[in-house]
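For reference, the chains in residue letters:
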Amino acid sequence: MSNKNTVISTKNMSLTFQTNDGPVHALEDINLEINEGEFVSFIGPSGCGKTTLLRAIADLEQPTKGEIKVNGLSPREARRTRAYGYVFQASALLPWRTVEQNVALPLEITGASKQEKKEHIERTIAMVDLKGFEKKFPWQLSGGMQQRVSIARALAFDAKILLMDEPFGALDEIVRDHLNQQLLQLWNKHKMTICFVTHSIPEAVYLSTKIVIMSPRPGKIAQIIDSPLPKNRPLDIRESKQFLDIAHRVREGLRASHSYDEEEA
Amino acid sequence: MERVFQSKIFAILVVLLAILVIWYGAAIKLNTPWQLGVYERAEITQWTKKQFIKDTLNQKRPVLPSAHQVFSEMYKTTFLKPINSKRSLVYHSWITLSATLLGFAIGTCFGILIAIGITHNRALDRSLMPWVIASQTIPILAIAPMIIVVLNAVGLSGLLPKALISTYLSFFPIVVGMVKGFRSPRNIQIDLMRTYYASPLQTFFKLRWPSALPYLFTSMKVAIAIALVGAIVGELPTGAVAGLGARLLSGSYYGQTVQIWSALFMAAALAAILIMIVSLVEKHVTKNMGAKS
């Protein structure tokens, strides 16, 4: 536990929602350690609590039991120190702001200077390959470009942690491939730690150094698979034997955790 | 030819023509008994149809004045009288308009403040909203004189009491619209602000306020029209001597139907112009906020 490279850790963490239909055990007994520079994917069927786990790390949900540490701090403290950037399922861009104004939003909130904002906008927009679109409004962009803007926005605090909740779920496969590649480059170049929620096995295997398989009702960690794939991953690595082996293990893991039960029944 | 039928102007003209036909038809019918009485008293027994129709449409105090009577009265009282004259429609309109605008401005600010309270405080949400709704069930005609009397007792008179009656009506649509507007940001947008550790004030100005602006303009269009109604109604039971409401009242005392109708049309025209102004501001603002044109 005292490993200084541990960025995110959870200990016996449980989270129960009180609803009108009684308590819902979204997460139960989650123990997890994420080290600096890892790319961790959370995969599992809907209802397995993968999004809830990400939200708990981001202090958007409160665990009912156990604890979470982010950079050694409580999630709330981590949020206060702006330790992470968060990318939502939908781009959540503010429609009345242009691309650059959207990217500048977090900096306006921290009260960055004009010069800082300008430099930052230039840098992050270049990072997500959106030069020339600074003055466009969100509705003038495609879905993939919108999600890229929201990634640029999440990089605003130069946070080393990026939390991503099915960021490419709504995009078509070609755009998704492209963005996956860009994300890997970004991660490689900036030595970030990324937590990535997905329900796509190829996406999880392609991106991750660690794949966390979760099972539903109650949401639990079923298995953790460390990926031996090299850091540098061209798209066609997905046809390699190694890749297919890991994908197979992930699928087996999901099956073992009864993730396919409903469909088979 | 087909293009002519589908054009906007054609549609407008058809509706306008239909209104005029109904209007003149009704005017002839409603003014006939009086006209027959006039002929009887003057012992005229022979008249042509044309003469009869012309007479029914040009009575001095008709049950229903005809369009040309109303519009010539409006023209006369708007352009041919000095603006500061008591007979000028512009003078009376201005009296009502100033109360409308003041009342609307106060009502809009007041409504926004209440909506902010309701959206940010659970207790206010539960306790305030029923009163806001209840306030609108009280007939304004009943409460208007009391507002005037009470405010007079505390030394307020003139424009403000009348404006406050406008406020009383116009704050309501603003509250309802803005509560919905302030609550319109989606959950992920609010979560986004949380991940930035944004203060409530920042969340309000960066997210809730811009999200609510479209609702504000919709509410303002309703509010400004009923602010005008409020100003006119406020003049009725309070014995006002000037303003469109006073014009309506004196018209009804002396059977000046033409005067009543021209005041009504003036009020309608004012409302239309006010709503148009709000729409123009809305267009300008939403254009700057990246609306698809």
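These numbers were taken from a predicted model, which means no experiment stands behind them.

Before we go on, may I ask you to explain the overall build of chain B in this structure?
Secondary structure summary: chain B contains 12 helices and zero strands in total. Reading the helices (α) and strands (β) of chain B from amino to carboxyl end gives α-α-α-α-α-α-α-α-α-α-α-α. Relative to the compact-globule value of 19 Å for 293 residues, chain B shows a C-alpha radius of gyration of 25 Å, a clear excess of over 25%. Scored against the burial criterion, the 293 residues of chain B give a buried share of 32%.

In this structure, what is going on with the overall build of chain A? I would like to understand it.
In terms of regular secondary structure, chain A is built from nine helices and nine strands. Scaling as 2.2 N^0.38, a compact globule of 265 residues should have a C-alpha radius of gyration of about 18 Å, and chain A matches this with 19 Å. Taking all 265 residues of chain A together, the buried fraction comes to 43%. Put simply, 69% of the contacts in chain A that link residues at least 6 apart link residues at least 24 apart.

I would appreciate a short explanation of the domain arrangement of chain B in the present structure.
Frequently, the measure chosen for interface size is the accessible area removed from exposure when the parts meet. Each domain of chain B was delimited in the assignment, giving domain 1 (2-64) and domain 2 (89-288). Computed from C-alpha coordinates alone, the two centres of domain 1 of chain B and domain 2 of chain B are separated by 38 Å.

Where do I start with the pairing of strand 6 (residues 161-165) of chain A in this structure?
Regular strands place their side chains on alternate faces of the sheet. Residues and elements named next belong to chain A. Along strand 6, five of the five residues are buried, which leaves the element largely enclosed by surrounding structure. Both faces of strand 6 are covered, namely the face carrying Ile161, Leu163 and Asp165 and the face carrying Leu162 and Met164. Pairing of strand 5 (residues 84-87) with strand 6 involves four bridges; the strand directions are parallel. Paired with tyrosine 86 across the two strands is leucine 163, which belongs to strand 6. By the bridge criterion, five bridges tie strand 6 to strand 7 (residues 193-198) in an arrangement that is parallel.

Whenever I open this one, the sheet that holds strand 7 of chain A confuses me. Can you help?
Two strands in a sheet stick together by hydrogen bonds in their backbones, pointing the same way (parallel) or opposite ways (antiparallel). Residues and elements named next belong to chain A. As summarised here, the arrangement of the six strands in space is 5-6-7-3-8-9, forming an open sheet in which the pairing is mixed. Each edge of the sheet is formed by a strand with only one pairing partner; in this case those strands are strand 5 and strand 9 (220-226). Going across the sheet, the axis of each strand differs from the next one's by a mean of 15°, ignoring polarity. Its contacts with the sheet place helix 8 (residues 241-256) against strand 3 (39-43), strand 8 (210-215) and strand 9, and it is angled at close to 165° to strand 9.

Is there a simple way to explain the interface of chain B and chain A in this structure?
Chain B puts 15 residues into the contact, and the matching count from chain A is 18 residues. For the side of chain B that touches chain A, the secondary-structure elements that each account for two or more residues are helix 9 (187-195) and helix 10 (200-235) of chain B. With six residues, the top contributor of residues to the side of chain B that touches chain A is helix 9 of chain B. Grouping the constituent residues of the side of chain B that touches chain A by class yields seven nonpolar, four polar and four charged.

I'm lost on the sheet that holds strand 2 (residues 22-35) of chain A in this one. Help?
All names here are of chain A. Taken together, three strands build an open sheet; the order of strands is 2-1-4 and the sheet is antiparallel. The sheet terminates laterally at strand 2 and strand 4 (65-70), the two strands that pair on one side only. Neighbouring strand axes in the sheet, compared pairwise and without regard to direction, differ in orientation by 20° on average. Two strands pair when backbone bridges link them, and strand 1 (residues 6-19) and strand 4 are joined in this way by five bridges, in the antiparallel orientation. Note that in strand 4 the partner of lysine 11 across the bridge is glutamate 67. Each of strand 1, strand 2 and strand 4 touches helix 1 (residues 50-57); the most contacted strand, strand 2, lies at about 65° to it.

Mind showing me how you'd approach the environment of isoleucine 30 of chain A here?
All names here are of chain A. Its place among the elements puts isoleucine 30 in strand 2. Owing to 24 C-beta atoms within 10 Å, isoleucine 30 belongs among the buried residues under this scheme. Through-space distance from the C-alpha of isoleucine 30 to that of isoleucine 68 is 9.6 Å; in sequence the pair is 38 residues apart. In contact with isoleucine 30, not counting residues within four places along its chain, are Thr10, Met13, Leu53 and Ile221.

Mind showing me how you'd approach helix 8 (residues 159-182) of chain B here?
Side chains of residues three or four places apart in an α-helix project in the same direction, reflecting 3.6 residues per turn. Residue and element names in this part refer to chain B. Look at helix 8: 32 Å from first C-alpha to last across 24 residues, which is about the 34 Å you get at 1.5 Å a residue. At serine 170, helix 8 shows its largest bend, some 30°, and a proline, proline 173, comes one to four positions later. With 21 of 24 residues buried, helix 8 lies mostly within the body of the structure.

Sorry if this is basic, but what is going on with the packing of helix 5 (residues 89-120) of chain B against helix 10 of chain B here?
Angle between the axes and distance between the axes: these two values describe a pair of packed helices. Residues and elements named next belong to chain B. At their nearest, the axes of helix 5 and helix 10 sit 8 Å apart, and the two run at 130° to each other. Taken together, the axes of helix 5 and helix 10 lie oblique to each other. Helix 5 and helix 10 meet at a crossing whose hand is right-handed. Residue-level contacts link Thr96, Ala99, Thr100, Gly103, Phe104, Gly107 and Thr108 of helix 5 to Met220, Ala223, Ile224, Ala227, Leu228, Gly230, Ala231, Ile232 and Glu235 of helix 10. Residues belonging to the contact of helix 5 with helix 10 are distributed by class as follows: nine nonpolar, six polar and one charged.

What is the right way to look at helix 12 (residues 257-288) of chain B in this model?
Residues and elements named next belong to chain B. Look at helix 12: 47 Å from first C-alpha to last across 32 residues, which is about the 46 Å you get at 1.5 Å a residue. Listing the buried residues of helix 12 in full gives Val258, Gln259, Trp261, Ser262, Ala263, Met266, Ala267, Leu270, Leu274 and Val278. Packing partners of the buried residues in helix 12 comprise helix 4 (67-79), helix 5, helix 10 and helix 11 (244-253).

Explain the packing of helix 7 (residues 140-153) of chain B against helix 8 of chain B here, please?
Residue and element names in this part refer to chain B. Packing of helix 7 against helix 8 leaves a shortest axis separation of 9 Å and a crossing angle of 140°. Considering the angle they form, helix 7 stands oblique to helix 8. Crossing angle aside, the handedness with which helix 7 passes helix 8 is right-handed. Touching Ile140, Ala144, Ile147, Ile148 and Leu151 of helix 7 are Pro161, Leu164, Ile165, Tyr168 and Leu169, all from helix 8.

Can you walk me through the nonpolar core in this structure?
When a protein is soluble and globular, its nonpolar side chains tend to lie buried together. In terms of nonpolar packing, the biggest core is built from 78 residues, with Ile57, Tyr84, Leu162, Leu163, Ile194 and Cys195 of chain A touching the most fellow members. In contact with cysteine 195 of chain A, other than residues within four places in its own chain, are Ile34, Val40, Phe42, Leu54, Ile57, Leu163 and Met164 of chain A. Of all hydrophobic cores here, the second largest spans 46 residues; its members include Leu89, Tyr215, Ala263 and Ala267 of chain B.

Any chance you could explain the environment of alanine 198 of chain B here in plain terms?
Position of alanine 198 of chain B relative to the elements: it lies in the loop between helix 9 and helix 10. Of the residues examined, alanine 198 of chain B has 21 C-beta atoms within 10 Å and is grouped as buried. It is 57 Å that separates the C-alpha atoms of alanine 198 of chain B and valine 4 of chain B, two residues lying 194 residues apart in sequence. Apart from the residues lying within four places of it in its own chain, the contact partners of alanine 198 of chain B are Ile109 of chain A together with Met193, Thr203 and Lys206 of chain B.

What counts as what
- Residues numbered from 1 in each chain as written.
- Chains lettered and ligands numbered in written order.
- Predicted model: local features only at pLDDT ≥ 70, side-chain atom pairs only at ≥ 80, totals over all residues.
- Helix = DSSP H or I, 4+ residues; strand = E, 2+ residues; numbered from the N terminus.
- Rg over C-alpha atoms; globule rule 2.2 N^0.38 Å.
- Buried ≥ 20, exposed ≤ 12 C-beta atoms within 10 Å, placed from the backbone.
- Contact = placed C-beta atoms within 7 Å.
- Domains from an automatic or database assignment.
- Pairing = 2+ DSSP bridges.
- Axes fitted to C-alpha atoms, helices over the stretch in contact; angles between N-to-C directions.
- Nonpolar A, V, L, I, M, F, W, Y, C, P; charged D, E, K, R; others polar.
- Expected span 1.5 Å × (residues − 1).
- Bend = angle between axes of the 7 residues up to and from the residue.
- Parallel < 35°, antiparallel > 145°, perpendicular 65-115°, else oblique.
- Left-handed = near helix turned anticlockwise from the far one by under 90°.
- Core = buried A, V, L, I, M, F, W, Y, C linked by C-beta atoms within 7 Å.

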